[in-house]
Each structure stands twice: as structure tokens, then as C-alpha cells.
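Observations on the model geometry
Next come the chains, spelled out residue by residue.
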Amino acid sequence: MPIPSAQPPLPIRHAETSISKAGKGGQEETGKKKEQRERTPSPEKTSLSPLSPRERAWGEGKPEKLTNIGALHLHTQLHRALLLGAIAFSLLAHGSASAQDATQDSTAFDSGKLERVTFRLGVLGGYGYNRHQTQASIFTSGTECGAFGDGDGKGIVAGLFGEFPLLGGAVDLTAHLLFAQRGGSFGEAYTAGLPVLDPNSNSYVPLERKHSYTATLNFFVGEFGLRVAPIPEFPIYLRAGAGAGFPLTEATYHQTEEILSPDGVLYPETNRVTRDVGNGPIGNVQTLITASGTLGYAIPIANRLSIAPEVSYYHPFTDITLANRWRVSTIQADLALRYDFGVPVQPPPPPPPPPPPPPPPPPPEVLPVAGITTSTTEQVQVVRTIVTETFPILPYIFFDSASTQIPGRYQRIGGESRAAFNEKDLPHRSLDAYYSILNVIGSRMSADPSIKITLNGTTDGRETATQAEATSLAKQRAQSIKEYIADTWGIDPKRIAIAVLARPTFPSSAEYQEGVEENRRVEIASLTDNLLAPILHERFSEYSYSPQNIEFATEATSPAAISSWRLRVSAGGATVAERSGTGAPPAAVTWALDDKAAGIISEKVGERGELQGVLEITDARGKRAQSEAMIPASGATHPFEISRLSLIVFDFDKAEITPQNRRMVSAFVAQSIYPRSTSQITGSTDRLGELAHNQQLSESRAFAVRDLILAERPEAIITSAQGVGPSRLLYDNALPEGRYYCRTVTVEVATPLEDVRGGG
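Now for a quick tour of the structure.

Side note on the overall build of the chain
A tally of regular secondary structure across the chain gives 11 helices and 36 strands. With 760 residues in all, the chain has 43% of them scored as buried. Summarising the internal contacts of the chain: among those between residues at least 6 apart in sequence, 76% fall at separations of at least 24. Working note: accessible area of the chain is about 38700 Å², and carbon and sulfur atoms make up 56% of it.

Below you can see the structure in the form of C-alpha cells.
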């Protein structure tokens, strides 16, 4: 908002600074040490000296430096005091009115009450806190420039209003006519740049000044809205409205200026460090369009008269002036007085004859009692970690001895269900996802008609008596895979070739019975890399939590038999866990946390929150009782995002990285390693073979992957590369696929959330 230009600044005067020195061993004392800022020296201690020609020339030739000190903060303490005072007054007044109503219930009929309110009229008066948001230029006679920041102000509000019930009184149409003061003081801007002789150091230094700006704005406000009382039994109401404010009087401003440094320099026209820069009307003031929200509490003080403290917020949609962005929002506290007009209550009919004396009251009913406590004293802590994981595909289907049937552990679906299949929905564990390999292959072939595959059937060499029988067995195994993919996924059989291998491409050692089992398989091969590309689960949540279990102690008593019980644990109103049963509850109920519960806690509970355990019992009479126990809880997000890659799959007793694994590492490095990422590499084996040999084999696998990553990204930070042999069996080694998925190298990358594309 442009501010009218002030008069040219007058020459600056210097306040005389007295410096005295003590004798030997004394201490030098200056005006600054007496007073950090002596803003108005006495006249007899001031000598005047105008700016030199050199000072004026410098100020006219070079722009001054202006520093914006930012917006002023809202007076939150004032807001809280107003709101708390209004609520306290409302509750006290409502209690008094309720007691008065209770007394009047026993009196004669009051003809002043209304049966139906047709409209209400009222007056209100109060006080508003105005928040100004603007960028207003500063003008002086020099070449200074800058902008005011935000500011605030205060003012009264008063007016009339009417309310017209709609929809049987559920909603009121409201109209307000108000006088409102919306003025305020803008933020301060500091300017510096003109050189001036510092009387303290006798040298030229920049002159630093502070500008302040105050606006006086009075509006006539017209507003329409809707008013609703959400709880009929409680006189709290809400009102939302929209209105327009029209300038009621001429808007004016007043701008002042103050010298901040050096000390002792004064304005000659005021002989002080402050002076008026300008004042006058503010041009181009326009209509103020606002939306408002109000919270009120109606307190009856007579049959048709009520008083209500209100708190309102006015949000602007237009600027104060046409020239610049300058908006004012208001928090308002007021007191509204209403008078109701409507249909009076009809007199009651004559009283009936007195009833006969009532029978003696029955004995008091004994209700059931429920109790619940928890022995968990530590805080329930849940940490959510954002994870991206690459799950490799093992291209082998293993068969039972002498069998051509696809084992039941491999997931199969009906042809009508294939539309709902999505590999993104597969479990977040390699082996669990592997069991859907036939559907993954079928889905990918259906999506890409150019993909062709070859199914290589093999045997273990011991299943049949003759080579011809072995060839037939291997072919039938491959044929069973082909039929499933073609029939379920509608794949052209010509795209699926069948071959018979005398032994697997990379056979396992027949010295072990487990190796013999691994050689009974069908191998899936394709010239298209996308067919066997790993399954990628991006940015899913993993949870760690402690403690793992929470124990509740319960008790229930009732004169009648207890028929059922229910224990519900909730966080922020959402159910985390629920247990129920017939009869009395057990004395102890243990709740084991899981990922689903951890996810709810992480979402609903902040750093310091609570879980609520509620026990409800019902006895044979249908009477209910409940009790609750609170458990401290916290939910947090791990500051690092984790990316994992499991390299599939090293063949039996091998550490060489296949071309497919090389491509997987290259893609993973490009997508997952950032400049501040740290990586850990862990190699592992299955349980077959000697422990020392497996340890060395796992280390060789880990080091090979480490060297490949550093070749791709020399600056990568790898904190560890180690082999663990069979000490950490990730999967069940009783199954061929479980052993294969243990012959792997896992790369785990931790990246700060703020470094990851897309944020945390």
C-alpha cells in the first residue's frame, strides 16, 4: 500500500557527549555506559551541528539500505484471556439461570413465555483484535525503499441484529448491521544508509532509523448468515456468515520516524530522536468483503430476554485499498442481548384431581460392577518406517518325487478372478510373494503380448527306472505349468515352449538329499528381462513396537449371572483391538500388538498420547456396567527411509553375480542411493555344507556385491559388508525354495526422509 510521501528530512543535530577521564588507576566513563540509549538529552547538554555538504552529497547519491524486521506476532495471551473469561462467565450465568428455571417450575403459569419464536431482535457490543497483512512501501525525500510487514490493532464493535428461525427452529437466518473499527499499527521497517558524523567516535557512520505506521479505519458492516445450536439441551450455538464493510468515515494514517543510531543524533525540528513523517487520508479505500464464524453461549435472563457472550473470527477476501494487497482479519469478543418475538404459551388446562398416594418404592436395584487395570507400566511405543523393497523372483517350480501335479503351496486362481490380481498386493516377504509366481508370469505375459517363455522340465535322475520315463515325467511337469498359464490367463499356447533337460541348468549337489529335491523342477526362461524382473513394493510402512504384549486384569460382580463381556482398546476413537466372550471375563486378558494395531496407533497417537481400554459387562437382566484403563502411548516416524534389495538368487555353492543380478544392482543403485545414503550389505547361505565353508561363501557373495556397487557409484557410503553364513536362516530350509531364498545378498540403504524424492 503506498504511503503519502513525508516532508524532506531536516538536518540532523548531535547531542553533546560528555567523556571524563579519572586519574591514575581511575576508570573511563562515557554517556553510553551511563545509559545504553538516552533518547532525549536535556537542552543544556545538546549542541547542534547540521550535516556537512559531504554527508548530504553521499545521502543524495546512494540509496539507503533497508532491513525488513518481519511481521508482528498475534497477542495469543490476550486471545486466551478473552476466551476463557467469556466461557467462565457463561457457565456461571447458565448455572444461575438453570436454578431460576427450577424454582419457577413450581410457580403458577407464566403467560410471558413463548410457545414458538418467530423472530428475534438484539443489540451487541464488544471489542475486536485486528490482524493486518500487507506489504506497504516506505517513502522519504531520499531514494529509500522498503516495505512494512504485518501488524495489528484493536477497536470497538457495536450494532443491531435480527434472527429468523427456519426449518422449525433448527436453523436461524441472521442479519447484522455493525459499526466496526478495523485500524491498526503496521510492522516496523528499519532503514539505514545516510552517513552522519558520530559525536561519540568523531567519524561518519550510517544513520539508522525506524519507521512506524498507524491506520484509522472505521466500517459500516452488513452481514447475512446462518445460526445453528447443535445440542438442543445445551445453549451453545454456531454462526457462519458473509458480509460487506463500507467505509464509514475517511480512513487516515499517521507515520513517524525514530533515529536508532548513532547515539546523540537528534532531529533539529523536534530536538528529539523522533519526528512525524506524515499523516492524512488513505486513498482508494474499498468495500471489505469478509466471511465469519462465531461461537456463542445463550443465557436466559427473562422469559423473552437472553444475553450471550460471543467469540467471532472475520476472514477477509478483499484488500483495504485498490492499489496494493492489504488485508485485515479480526478476532472479536462481544456481548449480545436478544429479545424473542413469537406465539405465547397457552394457559394450561385445570389441574386434575390429586392422584392416590403412590405405592411404597421398591428396594434399590443392585447394578453390576466392572473393573479393569493394566499391569503394563511402560509406554507403548510405535515407530513407523517407510520402506521400499525389491523382491526377486526365483524362476523355478519344484515338484514332489515322481509327481506331475503343481504342489498346493503355489497359489492358483480361477480365470474369472484374474482381473482382480495385482502383484502390488502380494505379501512383503520374498518367499510369500514367490508362491504367486505362476500368476505373476501369467499377468505379465497378458500385459505384454511380445513375451514368450520356455518351460524346461527336469527330474532328479532317481525318480524313474528308465530314461524314457524320466523324459516323459519332465515333459508332463512342464506341460502342467503351461496348461495353467494358458487356461487361467488366456495366453496363446504358441507363446509357451516346452523343453526337457537331462539335468537342471545349474544343478544342486546330489550328495545331499536336499540337493536331489531341488533338481525336481520346471525352470522358466525368457529372452525378455521384464518377465522375471523383481517385484517392487514402493514406500510401504513397517512398524516396530514395544512392548509386544499388554496384559489387562479384569473383575466383574453382579447379583445376577454375568452373560457376556467385551474388552475394546482404542486410540483416538479408532478401535485398535477387541476381545469378547460369554459368561464372566477371564481374570487376565493378554493383547498382542500386530502391524494393523501399530498402524492405527501410529496414525492416531502423537508423541504423547494414550490408549484406552474399556471393559463392558452385561448380566442376565440386561444391565450393563463398564470400566476403563488408560495406557500411555506414542507414535513416531523413523527419520530415515529404508530401501532393500535381495539378490536372487545365487546358485548352489556359487558367489558369481549373474547378468540378471548385475542389472538389478544397477537399477537399484540408480533409484535408491542418494549422497547422504548409507548402505549395509549382508551375504548368507542355506544350512547345507560345512559351517566354515558357508561362512566364507557368504562373505564372498557380500564382497562381490560391494565391489559392484562401488564400481557403479564410487562415492557410495557402505558402512558394512559382511557374511553371516547360515546363522540367520530367513526362510524354512525344509523346502527347496526356502533354501534358495537363503542363498542371497541383501543390500539395505538408509536415506534421510528429506533427501528422498517426494518427501517423507
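Topic: helix α5 (residues 437-447)
For α5, a buried count of 8 out of 11 residues is recorded, marking the element as mostly surrounded by other parts of the structure. Those residues of α5 not exposed but buried are Ile437, Leu438, Asn439, Val440, Ile441, Gly442, Arg444 and Met445.

Considering the packing of helix α9 (residues 659-672) against helix α10 (residues 691-712)
At their nearest, the axes of α9 and α10 sit 10 Å apart, and the two run at 50° to each other. In terms of orientation, α9 lies oblique with respect to α10. Crossing geometry of α9 relative to α10 is assigned as right-handed. Where α9 approaches α10, its residues Arg662, Val665, Ser666 and Val669 are matched on the opposing element by Leu708, Ile709 and Glu712. Of the residues contributing to the contact of α9 with α10, the split by class is 4 nonpolar, 1 polar and 2 charged.

Brief notes about the packing of α5 against helix α6 (residues 467-489)
Taken N-terminus to C-terminus, the directions of α5 and α6 make an angle of 55°; their axes are 10 Å apart at the nearest point. Judged by the inter-axis angle, α5 sits oblique to α6. You can see that α5 and α6 cross each other, and the crossing is right-handed. Listed contacts from α6 to Leu438, Asn439, Ile441, Gly442, Ser443, Met445 and Ser446 of α5 are Ile481, Tyr484, Ile485 and Trp489. Of the residues contributing to the contact of α5 with α6, the split by class is 7 nonpolar, 4 polar and no charged.

Here's the deal with the environment of Arg209
By the element assignment, Arg209 lies in strand β10 (residues 203-216). Relative accessible area serves as the criterion here: at 2%, Arg209 is assigned to the buried category. Along the primary structure Arg209 and Pro262 are separated by 53 residues, whereas in three dimensions their C-alpha atoms are 9.7 Å apart. A polar atom in the side chain of Arg209 sits 3.0 Å from the side chain of Glu257.

Some remarks on empty space enclosed by the protein
One pass over the full model with this rule turns up 3 cavities of 30 Å³ or more. Estimates place the volume of the largest cavity at around 70 Å³. If you go around the largest cavity, the residues you meet are Arg182, Val221, Ala244, Gly245, Leu288, Thr290, Tyr314, Val328, Ser329 and Thr330. Elements that contribute at least two residues to the lining of the largest cavity include exactly β12 (236-247), β16 (288-297) and β19 (326-344). Here the element with the most residues in the lining of the largest cavity is β19; it accounts for 3 residues. The calculated volume of the second largest cavity comes to roughly 60 Å³. Around the second largest cavity sit Phe391, Pro392, Ile393, Leu394, Ser430, Ala433, Tyr434, Ser436, Ile437, Val440, Ile535 and Tyr741, which together line it. At the level of secondary structure, the elements contributing two or more residues to the lining of the second largest cavity comprise α4 (430-434) and α5. Take the lining of the second largest cavity: its biggest share by element is 3 residues, from α4. Its residues placed into classes, the lining of the second largest cavity shows 10 nonpolar, 2 polar and no charged.

Quick notes on the pattern of salt bridges
Scanning the entire structure with this criterion turns up 38 salt bridges. Of the charged contacts in the structure, one is a salt bridge between Arg743 and Glu518, with a shortest N-O distance of 2.8 Å. With Arg743 in the loop between α11 (736-742) and β36 (745-752) and Glu518 in helix α7 (residues 513-518), the pair connects residues that are 225 residues apart, well separated along the chain. As far as the burial class goes, Arg743 and Glu518 line up, both buried. In this structure, a network of salt bridges that share partners links the residues Arg120, Glu163, Asp172, Arg227, Arg239, Glu310, Arg338 and Asp340.

The rules behind the values
Positions within a chain are numbered from 1, following the residues in the order the chain's sequence is written. In view of the model being predicted, local features appear only for residues whose pLDDT reaches at least 70, and side-chain atom pairs are presented and counted only at 80 or more, with totals across whole chains, interfaces and linings using the full set of residues. Hydrogens and water are ignored here; the side-chain numbers use all heavy atoms of the structure. Put simply, DSSP marks the helices as runs of H or I at least four residues long and the strands as runs of E at least two long, and each gets a number from the N terminus on. Burial classification: accessible surface area is computed with a 1.4 Å probe over protein chains only, and a residue below 20% of its type maximum counts as buried, one above 50% as exposed, and the rest as partly exposed. A contact between two residues is defined here by any heavy atoms of the two lying within 4.5 Å. The Shrake-Rupley method, run with a 1.4 Å probe, gives the accessible areas here. Residue values count only the displayed protein chains as cover. Note on geometry: axes are C-alpha line fits, over the in-contact stretch for helices, and angles between N-to-C directions span 0 to 180 degrees. If an angle is under 35 degrees, it is roughly parallel; if it is over 145, roughly antiparallel; if it lies from 65 to 115, roughly perpendicular; otherwise it is oblique. Handedness of each helix crossing follows the sense of rotation of the near helix against the far helix: counterclockwise by less than a right angle gives left-handed, clockwise gives right-handed. Note on residue categories: nonpolar means Ala, Val, Leu, Ile, Met, Phe, Trp, Tyr, Cys or Pro, charged means Asp, Glu, Lys or Arg, and polar means any other residue, Gly included. Polar contacts, as used here, are pairs of N or O atoms within 3.5 Å; protein pairs need one atom able to donate a hydrogen and one able to accept it. Residues neighboring in sequence count only if both atoms are side-chain atoms. Computed over the protein atoms alone on a 1 Å grid, cavities are sets of points where a 1.4 Å probe fits but cannot get out and pockets are open sets with protein on both sides within 12 Å along at least five of seven lines; a residue lines them when it has an atom within 4 Å of a point. Grid points are joined across faces, edges and corners, and a volume is the space filled by probe spheres set on the points. One side-chain nitrogen of Lys or Arg within 4 Å of one carboxyl oxygen of Asp or Glu is enough to make a salt bridge.

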